[in-house]
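# Descriptive analysis of the structure
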Amino acid sequence: MNHKQLVLVDKSVLPEVFDKVLMAKTFLARNIAKNSTEACKMADISRSAFYKYKDSVCFYEDKENGRLVTFYFRLSDEPGVLSKVLQKLSGFNVNILTVNQNIPVDRVAVVTISFRMDDAITDTNSMFEEIETISGVVSVKQI
């Protein structure tokens, strides 16, 4: 039985081909390259090397890139409330990853927003305080 085993290795100790595969994958994911042939040319890697490693090499998101936070909201079913919340979060320089909104019940919608925030922000209390002042925010808590 083949057991897949993952290891975490600093990219600086790996052969350059792995970095180039990651570059090509990024070009494809961001639509900078139209296809794998173009991505390989841009990354200066052969297509055979790309296809050999593309499923085995990927980026690892770690704590150095910020921490993931999820807020649970109860918002009034009024135009613009969610937009104001997102603008306020954006003002804190967070990277919003997901927004999930349920259908309102009794004119209140449950919304969860997950985002990555810089490690420099150690306290979410100021976020809470500012978000709670938005008209239409019934409640907010971190989950």
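The structure contained in this document is the topic of the report that follows. Quantities reported herein were computed from a predicted structural model and do not represent experimental measurements.

### Quick look at the overall build of the protein chain
Within the protein chain, the secondary structure is distributed over 5 helices and 4 strands. Starting at the N terminus and walking to the C terminus, you meet the elements of the protein chain as α-α-α-β-α-β-β-α-β. Over its C-alpha atoms the protein chain spans a radius of gyration of 21 Å, topping by over 25% the 15 Å that the globule rule assigns to 143 residues. Based on the C-alpha atoms only, the size of the protein chain along its principal axes is roughly 55 × 35 × 30 Å. Counting every position in the protein chain, which comprises 143 residues, the buried fraction comes to 29%.

### Some details on unusual backbone geometry
Phi at Asp 44 is positive, roughly 60°, even though this residue is not glycine. Residue Asp 106 is not a glycine yet carries a positive backbone phi of 55°.

### What about helix α4 (residues 81-91)?
All of the buried residues along α4 are Val 81, Val 85 and Leu 89. Along the axis of α4, the buried positions cluster into a sector of 75°, meaning they face one direction only. Facing away from the buried side of α4 by more than 90 degrees, the exposed set consists of Gln 87 and Gly 91. On its buried face, α4 sits against β1 (67-76), β2 (95-101), β3 (108-117), α5 (125-132) and β4 (137-142). Backbone geometry just downstream of α4 places Asn 93 in the positive-phi region, at approximately 60°.

### What to know about the pairing of β2
Inspection of the sheet shows β2 paired to β3 by 6 bridges, in the antiparallel sense. Along β3, the bridge assignment pairs Gln 101 with Val 111. The hairpin turn running from β2 into β3, its antiparallel successor, is 6 residues long, and Asp 106 in that turn takes a positive phi close to 55°.

### Topic: a nonpolar patch on the surface
On the surface, a nonpolar cluster with roughly 360 Å² of combined accessible area is contributed by Val 7, Val 9, Val 13 and Leu 14. Considering the arrangement of structural elements, one finds Leu 14 in the segment before α1 (16-29).

### Examining the sheet that holds β4
What the 4 strands build is an open sheet, ordered β2-β3-β1-β4; its pairing is antiparallel. Strand pairing shows two members of the sheet lacking a second neighbour, β2 and β4, which therefore form its edges. For this sheet the average axis-to-axis angle between neighbouring strands, irrespective of direction, equals 20°. Most of the contacts of α5 go to β4, to which it runs at about 170°, and overall it touches β1, β3 and β4.

### Regarding the packing of α1 against helix α2 (residues 36-43)
Relative to each other, α1 and α2 sit at 130°, their axes nearing to 8 Å. Of the possible angle classes, the one that applies to α1 and α2 is oblique. In this structure, α1 meets α2 at a crossing whose hand is right-handed. In this structure, α1 contributes Lys 20, Met 23, Ala 24, Phe 27 and Leu 28 to the contact, and α2 contributes Ser 36, Ala 39, Cys 40, Met 42 and Ala 43.

### Details of the packing of aromatic side chains
Here the structure, examined in full by the defined rule, presents 5 aromatic pairs. An angle of 75° between the planes, with centres 5.3 Å apart, marks the rings of Phe 50 and Tyr 51 as edge-to-face. Overall, Phe 50 belongs to the buried group, its relative accessible area being 2%. Since its relative accessible area comes to 40%, Tyr 51 is described here as partly exposed. Measuring from ring centre to ring centre gives 4.9 Å for Phe 71 and Phe 128, while their planes differ by 40°; the resulting arrangement is tilted. Remark: Phe 128 occurs in helix α5 and Phe 71 occurs in strand β1; sequence separation between them is 57 residues. In this structure Phe 71 comes out as buried when scored by relative accessible area, which is 0%. One aromatic cluster in this structure is built from Phe 71, Phe 73, Phe 115 and Phe 128.

Cut-offs applied
Residues numbered from 1 in each chain as written. Predicted model: local features only at pLDDT ≥ 70, side-chain atom pairs only at ≥ 80, totals over all residues. Heavy atoms only, no water. Helix = DSSP H or I, 4+ residues; strand = E, 2+ residues; numbered from the N terminus. Rg over C-alpha atoms; globule rule 2.2 N^0.38 Å. Buried < 20%, exposed > 50% of the residue type's maximum accessible area, 1.4 Å probe, protein only. Arc of directions from axis to C-beta. Contact = heavy atoms within 4.5 Å. Pairing = 2+ DSSP bridges. Patch = residues over 30% accessible without salt bridge, like charges linked within 9 Å, V, L, I, M, F, W, Y side chains within 5 Å. Areas by Shrake-Rupley, 256 points an atom, 1.4 Å probe, with all protein chains shown as cover. Salt bridge = Lys/Arg side-chain N within 4 Å of Asp/Glu carboxyl O. Axes fitted to C-alpha atoms, helices over the stretch in contact; angles between N-to-C directions. Parallel < 35°, antiparallel > 145°, perpendicular 65-115°, else oblique. Left-handed = near helix turned anticlockwise from the far one by under 90°. Phe/Tyr/Trp six-rings, centres within 6.5 Å; stacked < 30°, edge-to-face > 60°.

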